[in-house]
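# Report on the structure
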Amino acid sequence: MILSLGAKTLFFLSLLTLALSFPSQYVARRAEEWQTSSSAILFQAFHWESANDGNWYTNLKDLAPSLKALHITHAWLPPPADSGAREGYLPRRLSILDSSYGSTSNLRDTISSFSSNGIVSVYDAVFNHRVGSADWCDFTEPNWPSYFVASGDEACHTAGVTCSNPKSSPASSGCANFLSDTGENYPPARDLDYANPEVIDSVKRYLCQLRADVSSGGLEVPYGGIRFDFVRGYSSNVLTEFSKVWTDNSFCTSNTKYTFTKFSKEVLEQTFCVAENWVDGLDLVSNCNGASIDSAARNLEAYSSTVSCGVFDFATKFALTCALNNNNFALLKSIAGSPSGLIGSSPLKAITFIDNHDTGDAGSIGKGQRLLALGFDGNKVLYTTKLSQAYAYLLTHPGSPSIFHPHFVSFGAALKNDIQLLTDIRSKLKIKNNSGVFICQASSDGGNLYSAYISPSNDGFYNVAMKIGSKDWCPFFGTGVCAGEIQASGNNWAVWAISVAIKNPNCFAGN
């Protein structure tokens, strides 16, 4: 969803610590928070202009075998409901799933195709707000009363707008006793009042309806995972209520009329859950510095500790974009010496990504919203070279990585091939979301190099090495020659496998 980024000062350090000439060992925390060690790879199966295609679901259905070969485990689909905006982020009639992306039948067929290829489909849950069917507050399919609108919403303070509140005494038009929003306001639509238990219960029942049998009034769409949009709009305890319903179907079977005979328990109780919490301070012009990145990571970690979901790692995305835009790979190493971003403190909670439908390009380079995109000066080869370096980092590091549709499908054979090589390597070498990292180089002095050793099992023994940047580097064990077997390489990136795992990597000789 579109989100204006505030330019807030969240962290008061005045000096950047650039620890770049010595190695720094970092071992990710073991599985303890959101899920156990995982090899999940997410694919965002749309971009900002996909809704203009008119046949998007069918295109995705045909892509399923390629995604299986790419080792994709989860595919994030666009918001499915009827919407006041083509892209789906102004939900109107939630129970009507014919949308700009295709029909309900097309959607089911696509999810079925993904399932046949071992891929779990992820539902994009836009629950912070709704728009009316014909007016500001006339919510239909499902029918919700207008007093579900929070008191701070524009509908409550705009002349000529009437949202009747039959629960007030006496009954009134307006927002006399509506409750307040539990999160940030979203002006384009009506913010829902999650201080009202009725609203929470209604959303939970809709989540049940989404996967329930058609014969019982359900929509019978076999989504597995779930992605929560704009979670800054409501409190973390509300998100937890929703995620519990999604991952434990007992609420639906005990509290609703719906039956669930079409889908397995495995489908109905999937554990993949991710929240979009876009943090403030991510300004590519003025805030590409370690303090801003560290502040973003701290905010994400604080939020992630309050929910039972992973979160998109905007801090790592910001660090990568800043590093590649400015040839300053020091930004990939935190002040504490660990990898920058949420992967440096809570990797199990981190869903890492390079771009999404908001931050990056649409179907072709230079199009789309590009709210936090790599700099593009018209040189498409240079641009895709930077993207390849970003994926070489993302797909060898902890966190659960996400691959963006246009990068794999639309931006040329070279980038597509690099992504395929890197997912092959991640799978072959068993790199997971809690793998350990030993940073060797993170240059800010024009050396243009980031290099690291990876411990896939996070046991202190390293059998993978990688580098990005234009400076030469290779793993070296004091023998006078490069060691390890190169697995793949491209323009300014390379990955090696080391046959005998090492405890104390040598980071300097051989550079």
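Provided above is the structure to which this section pertains.
Residues numbered from 1 in each chain as written. Predicted model: local features only at pLDDT ≥ 70, side-chain atom pairs only at ≥ 80, totals over all residues. Heavy atoms only, no water.

## Describing the overall build of the protein chain
Broken down by element type, the protein chain carries 11 helices and 18 strands. Within the protein chain, the proportion of its 511 residues that are buried is 60%. (Helix = DSSP H or I, 4+ residues; strand = E, 2+ residues; numbered from the N terminus. Buried < 20%, exposed > 50% of the residue type's maximum accessible area, 1.4 Å probe, protein only.)

## Some points on the pairing of strand 4 (residues 120–125)
Of all the 6 residues making up strand 4, 6 are buried; the element is thus mostly covered by neighbouring parts of the structure. Judged from the 3 bridges that link them, strand 3 (residues 74–76) and strand 4 form a sheet pairing that is parallel. Note on strand 4: the bridge partner recorded for alanine 75 is serine 121. Crossover connection from strand 3 via helix 2 (residues 104–116) to parallel strand 4: handedness right-handed. Pairing analysis gives 4 bridges linking strand 4 to strand 9 (residues 225–228), with the strands arranged parallel. Residue pairing for strand 9: tyrosine 123 is matched across the bridge by isoleucine 226. (Pairing = 2+ DSSP bridges. Right-handed = clockwise from strand over helix to strand, strands pointing away.)

## Re the pattern of salt bridges
Enumeration over the complete set of coordinates arrives at 17 salt bridges. Ionic pairing is found between aspartate 82 and arginine 92, a salt bridge with its closest N-O pair at 2.8 Å. With aspartate 82 in the loop between strand 3 and helix 2 and arginine 92 in the loop between strand 3 and helix 2, this pair connects stretches of sequence that are 10 residues apart. Judged by relative accessible area, arginine 92 falls into the partly exposed class, the value being 24%. (Salt bridge = Lys/Arg side-chain N within 4 Å of Asp/Glu carboxyl O.)

## With respect to the state of the cysteines
According to the stated counting rule, one finds 5 disulfides in the structure shown. Between cysteine 273 and cysteine 309 runs a disulfide, and the two sulfur atoms are separated by 1.6 Å. Every disulfide takes its handedness from the sign of the S-S torsion; for cysteine 273 and cysteine 309 that torsion is 50°, giving right-handed. Placement of cysteine 273 in strand 10 (residues 273–275) and of cysteine 309 in the loop between helix 7 (290–304) and strand 11 (310–312) is noted, with a sequence separation of 36 residues between them. The exposure class of cysteine 273 is buried, given its relative accessible area of 1%. Here cysteine 440 pairs with cysteine 507 through a disulfide, and the sulfurs are 2.0 Å apart. (Disulfide = S-S within 2.5 Å.)

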